[in-house]
Amino acid sequence: MSTPELRRKLKAFWREYDRVNVLRRKISHDEKLAERRAEYFIDHGVWLPLSLPSLPEFPPECSGMVCGARGRRKGTPCQCKEIERNGRCKWHGRRSTGPKTVEGKIRSLTNLKRGPKL
Ligand SMILES: [Zn+2]
């Protein structure tokens with residue numbers, strides 16, 4: 001599998017991971033469910049197992065990934081193996097550099113509370 005594909009897969013994994021994690025938190029912090037479980041415990045003397053959606057498994061092909069970003073000085077691909085969630089190391093791939101297309105730029109401007117500055 002090519003590196004951009006791997007990076008996409010890694011990002012998709014983290015997106016899915018976050019989604020499931022939010023779900024799990026929602027379930028385990030649900031007061032009504034906790035009440036029902038407590039009632040069941042009072043009636044039967046045992047806790048019902050809390051069924052949480054399982055977290056996705058880390059894609060094994062993404063385990064040995066390197067950063068691969070091109071350095072500014074030499075232009076060689078970065079060999080750092082400490083990959084963050086975005087598939088790059090701590091030196092490369094920080095915050096977004098903003099929208100690229102005209103449509104994207106317009107969309108981001110219309111998202112401003114005060115509206116676009118004209
Ligand atoms: Zn790097």
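Residues numbered from 1 in each chain as written. Predicted model: local features only at pLDDT ≥ 70, side-chain atom pairs only at ≥ 80, totals over all residues. Heavy atoms only, no water.

Visitor: How should I be thinking about the packing of aromatic side chains in this particular structure?
Guide: A complete count under the given rule lists five aromatic pairs for this structure. Pairing Phe 13 with Tyr 17 gives two aromatic rings, centres 5.9 Å apart and planes at 45°, and the pair type is tilted. Placement of the pair is Phe 13 and Tyr 17 together in helix H1 (residues 3–28), with a separation of four residues, close to one helical turn. Its relative accessible area of 8% is what places Phe 13 among the buried residues. (Phe/Tyr/Trp six-rings, centres within 6.5 Å; stacked < 30°, edge-to-face > 60°. Helix = DSSP H or I, 4+ residues; strand = E, 2+ residues; numbered from the N terminus. Buried < 20%, exposed > 50% of the residue type's maximum accessible area, 1.4 Å probe, protein only.)

Visitor: How do you make sense of the domain arrangement of the chain when you look at a structure like this?
Guide: Taken domain by domain, the chain consists of domain 1 (1–62) and domain 2 (66–113). Its C-alpha centre places domain 1 at a distance of 29 Å from the equivalent point of domain 2. Taken together, the two surfaces of domain 1 and domain 2 that pack against each other cover about 530 Å², and 46% of this comes from carbon and sulfur. Of all residues in domain 1, the largest losses of buried area upon contact with domain 2 belong to Arg 7, Leu 10 and Trp 14, amounting jointly to 74% of the total for that side. Taken together, domain 1 and domain 2 are joined by one salt bridge. Notably, a salt bridge pairs Asp 18 with Arg 85, separated by 2.9 Å at the nearest N-O pair. (Domains from an automatic or database assignment. Buried area = accessible area lost by both parts, 1.4 Å probe. Salt bridge = Lys/Arg side-chain N within 4 Å of Asp/Glu carboxyl O.)

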